[in-house]
Amino acid sequence: MQRRIIRKLELETFLSKVKAHPSPKPSLEQYTIPSDVAATILHIAAYTYDDLIGKTVLDLGCGTGRLAIGAAYLGAQHVVGVDIDKKAIKTAIKNSSMFNLKEKIEWATADLDAVHGKFDTVLQNPPFGVQKRGADRKFLIKALQVGKKIYSLHKSLHKEKSFMEKLKKVKVMPVSPSPFIRRLTKENGGEIKATYAMLMKIPHMFPFHTKEKHEFIVELYVINSESY
Ligand SMILES: C[S@@+](CC[C@H](N)C(=O)[O-])C[C@H]1O[C@@H](n2cnc3c(N)ncnc32)[C@H](O)[C@@H]1O
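A. Local environment of the overall build of the protein chain. Helices and strands together make up the secondary structure of the protein chain, namely seven helices and eight strands. Taking 2.2 N^0.38 as the reference for a compact globule, 228 residues should give roughly 17 Å; the C-alpha atoms of the protein chain span a radius of gyration of 16 Å, in line with that estimate. Each principal axis of the C-alpha distribution contributes one length, and for the protein chain these read about 45 × 40 × 35 Å. Going through the 228 residues of the protein chain one by one, you find that 40% of them count as buried.

B. Inspection of the environment of Gly129 at higher detail. Secondary-structure assignment places Gly129 in the loop between strand S4 (119-124) and helix H5 (135-146). What makes Gly129 partly exposed here is the crowd of 16 C-beta atoms within 10 Å. Taking the C-alpha atoms as reference points, Gly129 and Glu29, separated by 100 residues in sequence, lie 8.2 Å from one another. Residue contacts for Gly129: discarding those within four places in its chain leaves Gly134, Ala135 and Asp136.

C. Main features of the nonpolar core. Core analysis: the largest hydrophobic core is formed by 54 residues, its most contacted members being Ile41, Leu42, Leu67, Ala71 and Leu220. Ranked by residue count, the leading element in this core is helix H2 (residues 35-48), at eight residues. For Leu220, the residues in contact, after removing those within four places along its chain, are Ile41, Ile44, Tyr151, Leu153, Tyr196 and Met198.

D. The site of the ligand, seen in detail. Taken together, 21 residues are adjacent to the ligand, and Ile33, Gly61, Gly63, Ile84 and Asn125 come closest. Only helix H3 (66-74) and strand S2 (78-83) provide two or more residues apiece to the shell around the ligand. Split by residue class, the shell around the ligand holds 11 nonpolar, five polar and five charged.

E. Quick look at the pairing of strand S7 (residues 190-203). Taken together, the three bridges between strand S6 (residues 172-174) and S7 define a ladder with antiparallel strand orientation. Paired with Pro174 across the strands is Tyr196, a residue of S7. Bridge count between S7 and strand S8 (residues 213-225): 13 bridges; the pairing is antiparallel. Looking at S8, one finds that Pro203 is bridged to Lys213.

F. Representation of unusual backbone geometry within the structure. Even without a glycine there, the phi angle at Glu29 is positive, about 50°. Along the chain, Glu29 turns up in the loop between helix H1 (8-15) and H2. At Asp50, a residue that is not glycine, the phi angle is positive and equals roughly 55°. Relative to the helices and strands, Asp50 resides in the loop between H2 and strand S1 (56-60).

G. Looking closely at the environment of Ser152. Secondary-structure assignment places Ser152 in strand S5 (residues 147-155). Using a count of 26 C-beta atoms within 10 Å as the deciding quantity, one classes Ser152 as buried. Residues Ser152 and Tyr221, spaced 69 residues apart in sequence, show a C-alpha to C-alpha distance of 5.1 Å. Non-local contacts of Ser152, meaning those with residues more than four positions away in its chain, are made with Gln124, Leu140, Ala143, Tyr221 and Ile223.

H. Structural view of the packing of H2 against H3. As a packed pair, H2 and H3 sit with axes 10 Å apart at the nearest point and diverge in direction by 40°. As the angle between them shows, H2 and H3 are arranged oblique. Regarding H2 and H3, the two cross each other, and that crossing is right-handed. Judged by residue contacts, Ala38, Ile41, Leu42 and Ala46 of H2 engage Arg66, Leu67, Gly70, Ala71 and Leu74 from H3. A breakdown of the residues in the contact of H2 with H3 according to their chemical character gives seven nonpolar, one polar and one charged.

Reading guide: rules and limits
- Residues numbered from 1 in each chain as written.
- Predicted model: local features only at pLDDT ≥ 70, side-chain atom pairs only at ≥ 80, totals over all residues.
- Helix = DSSP H or I, 4+ residues; strand = E, 2+ residues; numbered from the N terminus.
- Rg over C-alpha atoms; globule rule 2.2 N^0.38 Å.
- Buried ≥ 20, exposed ≤ 12 C-beta atoms within 10 Å, placed from the backbone.
- Contact = placed C-beta atoms within 7 Å.
- Core = buried A, V, L, I, M, F, W, Y, C linked by C-beta atoms within 7 Å.
- Near = placed C-beta within 6 Å.
- Nonpolar A, V, L, I, M, F, W, Y, C, P; charged D, E, K, R; others polar.
- Pairing = 2+ DSSP bridges.
- Axes fitted to C-alpha atoms, helices over the stretch in contact; angles between N-to-C directions.
- Parallel < 35°, antiparallel > 145°, perpendicular 65-115°, else oblique.
- Left-handed = near helix turned anticlockwise from the far one by under 90°.

Pasting the structure below:
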């Protein structure tokens, strides 16, 4: 178990070495979470809410494993990473071997519908539903069924330039949850404890990206599941 507190910058540097998907599919919105955003999420989960160290963790739609590997690195007791895509899991296995964290993480190629069991903490960066409307909805419902505490990343409805400028300075800011996620969470036995806005910058990688770098606001939902 990791006892030393890992600084966010150190975590970000570590996570930047976790390799991205070699051939991401637009239909599955397979972009890899930027290491700064991943480090912020993991830091909040580990040190603001004490939901990682010594806990069982599920990374739903794990891709190449940045969140799962980060959770194991920070001291999770056991981590499971699930993704529907074989190539993503193959890369995740290589990534976890590279950091000697293979023993702590179990990888599975499966649709999230096949996931059962109970986990202390679920981390997820689901498809935002840009390609398939409502794709993130399915993830949130599953997370509420199998997790006690959920950290779920969603695209924000905020697009204002002034808000983006503010986030560039402060990095993370508490905001009100979106009515859609609030309703969905409540309907499925959860309660939102906090919502944090942050900026996400991803390189141009899919035909529907019009700029060289795509920058937008995302929101991290910290949720307690009451159906656990
Ligand atoms: C936005 S990517 C995030 C990947 C990774 N968690 C990260 O943050 O770098 C979403 C991931 O969800 C996976 N995915 C999409 N639909 C899925 C499903 N029905 N079951 C399991 N995984 C799925 C995709 O293959 C993709 O790797």
